[in-house]
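Fold and geometry: a report
Listed below, chain by chain, are the residues.
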Amino acid sequence: MIDKNYKKSVRGSFIIIGLCVVAFLVRLHFYWLIRHDPTFVMPIIDPLEFDIWGFKISQGQLLWSQATNHPPLYAYFLGIIYFFCGYSPVKAVFIQYILASVSWFLLFKIARHYFDALTAYVSCFLAATFWFFIYVNSFLYSENLSIFLNVLLVYILTFSKDGWKKYLSAGFIFGLTEICRPQIAFFAVGILVLICVKSIPLKRKLFYSFLFLVSFLILNSLVMYQNYRVSGEAVLRTQIGANIYMGNDPAFQGTNLYIKIGRDWDKFISSPNYYYKRQVGERESNEYFMSKTRDLIYHRPLEWGKLIAAKIFSIWTGREFLRSEDVYTYNFYFLKTPYCLVSTKLIFLLAVVGVFLSIYNRQKIWVMYALMLTFVPMFFFPIKTRYLMGLTPFVIVFSAYAVTQFYNMYTEKRFKALGLNMFMFGVLIVLSAWNPLKLTLPDVSETFYAIGKNFDGRQNALMAERYYTAAIQIDPQNISAYNELGVLYMNRKNYDRAVEYFKKAISLDPEAAYPRLNLELCQKASARL
């Protein structure tokens, strides 16, 4: 018996190590596909912000000089990598690949503890091959660190010996994930409930709760203090009010996917300045947007309720909330690989079935249910698929449980139960075709524009022009691209062509300030010739 158990243990160890190696090799293959892509070689949008911030940290600029809409931990993660390994986003990506493999190993342990070994193996496989994880791991997104920290937090809560060290370390990890990506904030309530229901003296409950709260609040307070020093606003990150408003206004369809970088976003985020007719701080900006949110809910409660219900339905039926750069990478790379088969829709629909089937084990896996409840606050913020990634590893565990139960029903010849559950899964697939938010995938015009800006910044005007032109071909309404093309031609002293582009941008939006200013400069320069 001992020999059999030992062999089983060794075989299981080889399988999980093999799956972690597969996860790394899959990402290595994807790296080979994208290694020359301009969005990988020259990070754009959020990855660009983190890349610049991380580089500054590696050069000794340890504190940020203005409050931003990104908490700082991931920038420090990049800064440490750049300091010890030299500036190289590629090296950072490879470290993220290793971090992902470690995360899936920890996820395996968690899934085996709450469910069974087969569920754990399937969880690890799905996490290793899920297309969005592969995508996120290959670019400089803060979700890479958030995923690892969230899985590590649950691992500590699951396996650490009960005592003050457990809750002190859990609070510390929770604090780190909060200053990386705060989507899991609501889980703090679940952890406090865990402490309260324990059969231990009241004094010890209070002591453990105190350790947990203090350790994560200290980390949050340090970030808020620095933001207060540089901006006068004690906030964890900026634009909270704007995001809450955007997430509750039906006009935005529950997401921020359709506000393009550049003028559209600047106009929206500056609306408090126009309202107060002066430059306002973060506190007043948040008050403005929160007031608009309250008015919206009060005056249009039915419409707002329909929006929230549609967001819940869309998330749990696996609707993709993709930005332009996500669509770009998916269309140009993932469609050429088998990785697109493990889709967001597949993961979330299976998870719904898995949650239903797991009800019989509800007392054992309440921690997993608490993690699912952490999704609730997200329904009131603008949704992107990337924002869900911090909690998706635990969704995958339920997906794997559904697959495992289907397999068990088949091998045990419980065909009636299998048929009923497969029918439920089929109904969910049919329902998932309904698109109550009327979401459409954005085009890649914004991505081409961002690539053009990168080439422009590197003094490669030829490539910049190529991508600006491609952006306009896809979206003839891209005002920013017309303006940048006008600037390129103005720098070449081709003023007639530059004027054409500036006038085109102004015709699309007469209020656009930059094209109008550039047109005046161009006409003055032309007059001097």
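Calculation rules
Residues numbered from 1 in each chain as written. Predicted model: local features only at pLDDT ≥ 70, side-chain atom pairs only at ≥ 80, totals over all residues. Heavy atoms only, no water. Helix = DSSP H or I, 4+ residues; strand = E, 2+ residues; numbered from the N terminus. Rg over C-alpha atoms; globule rule 2.2 N^0.38 Å. Buried < 20%, exposed > 50% of the residue type's maximum accessible area, 1.4 Å probe, protein only. Lys, Arg positive; Asp, Glu negative; His and termini not counted. Charge placed at Lys NZ, Arg CZ, Asp CG, Glu CD. 1 Å grid on protein atoms, 1.4 Å probe; cavity = no way out; pocket = protein on both sides within 12 Å on 5 of 7 lines; lining within 4 Å. Points joined across faces, edges and corners; volume = space filled by probe spheres on them. Nonpolar A, V, L, I, M, F, W, Y, C, P; charged D, E, K, R; others polar. Core = buried A, V, L, I, M, F, W, Y, C linked by side-chain atoms within 4.5 Å. Contact = heavy atoms within 4.5 Å. pLDDT = per-residue confidence, 0-100. Axes fitted to C-alpha atoms, helices over the stretch in contact; angles between N-to-C directions. Parallel < 35°, antiparallel > 145°, perpendicular 65-115°, else oblique. Left-handed = near helix turned anticlockwise from the far one by under 90°. Phe/Tyr/Trp six-rings, centres within 6.5 Å; stacked < 30°, edge-to-face > 60°. Lys NZ or Arg CZ within 6 Å of the ring centre and 35° of its normal. Expected span 1.5 Å × (residues − 1). Arc of directions from axis to C-beta. Salt bridge = Lys/Arg side-chain N within 4 Å of Asp/Glu carboxyl O. Patch = residues over 30% accessible without salt bridge, like charges linked within 9 Å, V, L, I, M, F, W, Y side chains within 5 Å. Areas by Shrake-Rupley, 256 points an atom, 1.4 Å probe, with all protein chains shown as cover.

Section: the overall build of the protein
Scanning the protein for helices and strands turns up 26 helices and zero strands. The C-alpha atoms of the protein give a radius of gyration of 25 Å, which matches the 24 Å a tight globule of 529 residues would have. If you line up the protein on its principal axes, its C-alpha atoms span 95 × 55 × 50 Å. A buried classification covers 57% of the 529 residues belonging to the protein. Between the averaged position of the 54 positive side-chain charges in the protein and that of its 33 negative side-chain charges there is a distance of 10 Å.

Some words on the layout of surface pockets
Of the voids in this model, the second largest pocket is the one considered here, and its volume is about 240 Å³. Lining of the second largest pocket is provided by 15 residues; of these, Gly 318, Arg 319, Glu 320, Leu 322 and Leu 441 occupy positions nearest its centre. Here the lining of the second largest pocket is built from residues that sort into eight nonpolar, four polar and three charged.

Focus: the nonpolar core
Core analysis: the largest hydrophobic core is formed by 164 residues, its most contacted members being Phe 187, Met 368, Leu 371 and Phe 375. Counting residues per element, this core draws most heavily on helix 5 (residues 89–114), at twelve residues. Leave out the neighbours within four places in its chain, and Met 368 touches Ile 110, Tyr 114, Phe 115, Phe 394, Val 397 and Phe 398. Within the second largest apolar cluster, ten residues are counted, among which are Ala 242, Tyr 245, Met 246 and Ile 259.

Focus on the confidence of the model for the protein
Of all residues in the protein, 97% have pLDDT values of 70 or greater, and the mean over the chain is 89. No element of the protein has a lower mean pLDDT than helix 13 (residues 263–269), at 77, and none a higher one than helix 4 (residues 73–85), at 96.

Let's talk about the packing of helix 23 (residues 461–474) against helix 24 (residues 479–491)
Where helix 23 meets helix 24, the closest approach of the two axes is 9 Å, and the angle between their N-to-C directions is 150°. Relative to helix 24, helix 23 is oriented roughly antiparallel. As for how helix 23 packs across helix 24, the hand of that crossing is left-handed. Two secondary-structure elements touch here, helix 23 through Ala 461, Ala 464, Glu 465, Tyr 468, Thr 469, Ala 471 and Ile 472 and helix 24 through Ala 481, Tyr 482, Glu 484, Leu 485, Leu 488 and Tyr 489. Split by residue class, the contact of helix 23 with helix 24 holds ten nonpolar, one polar and two charged.

Observations regarding the packing of aromatic side chains
According to the stated counting rule, one finds 58 aromatic pairs in the structure shown. Directly above the ring of Trp 32 sits Arg 35, whose terminal nitrogen or CZ lies 3.6 Å from the centroid.

A closer look at helix 21 (residues 415–431)
In this model helix 21 runs 24 Å from its N-terminal to its C-terminal C-alpha over 17 residues, within 8% of the 24 Å that 1.5 Å per residue would give. All buried positions along helix 21 are accounted for by Leu 418, Asn 421, Phe 425 and Leu 428. Buried residues in helix 21, looked at end-on, bunch into an arc of 85°, giving them a common side. The exposed set on the far side of helix 21, more than 90 degrees from its buried face, consists of Lys 416, Leu 420, Phe 423 and Val 430. Next to the buried residues of helix 21 lie helix 18 (344–357) and helix 20 (392–411).

Here we look at helix 3 (residues 45–58)
Taking 1.5 Å per residue, 14 residues should reach 20 Å; helix 3 reaches 20 Å between its end C-alpha atoms and fits that length. Here helix 3 has its buried residues at Ile 45, Asp 46, Pro 47, Phe 50, Asp 51, Trp 53, Gly 54, Ile 57 and Ser 58. Those residues of helix 3 that are buried are in contact with helix 4, helix 5, helix 17 (324–332) and helix 22 (445–457). Looking at the residues trailing helix 3, positive phi occurs at Gly 60, about 100°.

Brief notes about the pattern of salt bridges
Charged atoms that come close allow side chains of opposite charge to pair. Within the structure shown, the criterion is met by 13 salt bridges. Linking Lys 198 and Asp 162 is a salt bridge whose minimum nitrogen-to-oxygen distance equals 3.6 Å. Pair noted here: Lys 198 is in the loop between helix 10 (187–196) and helix 11 (202–231) and Asp 162 is in the loop between helix 8 (143–159) and helix 9 (164–178), with a separation of 36 residues, a long-range link. A salt bridge links Glu 446 to Arg 323, with the shortest nitrogen-to-oxygen separation between them at 2.7 Å. Remark: Arg 323 occurs in the loop between helix 16 (301–316) and helix 17 and Glu 446 occurs in helix 22; sequence separation between them is 123 residues.

Considerations on the side chain of Ser 123
Counting through the fold element by element, Ser 123 comes out in helix 6 (residues 117–129). Since its relative accessible area comes to 0%, Ser 123 is described here as buried. Leave out the neighbours within four places in its chain, and Ser 123 touches Leu 107, Ala 111, Ile 396, Val 397 and Ala 400.

Considering the environment of Ala 111
For Ala 111, the location among the structural elements is in helix 5. A sequence separation of 286 residues divides Ala 111 from Val 397, and the C-alpha atoms of the two residues are 6.2 Å apart.

Things to note about unusual backbone geometry
For Gln 239, which is not glycine, the phi dihedral falls at a positive 70°. On the basis of relative accessibility, which here comes to 16%, the residue Gln 239 falls in the buried class. In this model, Lys 493 sits at a positive phi of 65°, which is unusual for a non-glycine residue. Relative to the helices and strands, Lys 493 is located in the loop between helix 24 and helix 25 (495–508).

Description of a nonpolar patch on the surface
On the surface, a cluster of nonpolar side chains totalling about 580 Å² of accessible area is made up of Phe 186, Val 189, Val 193, Val 197, Leu 373, Val 376 and Phe 380. Take Val 189: it is sitting in helix 10.

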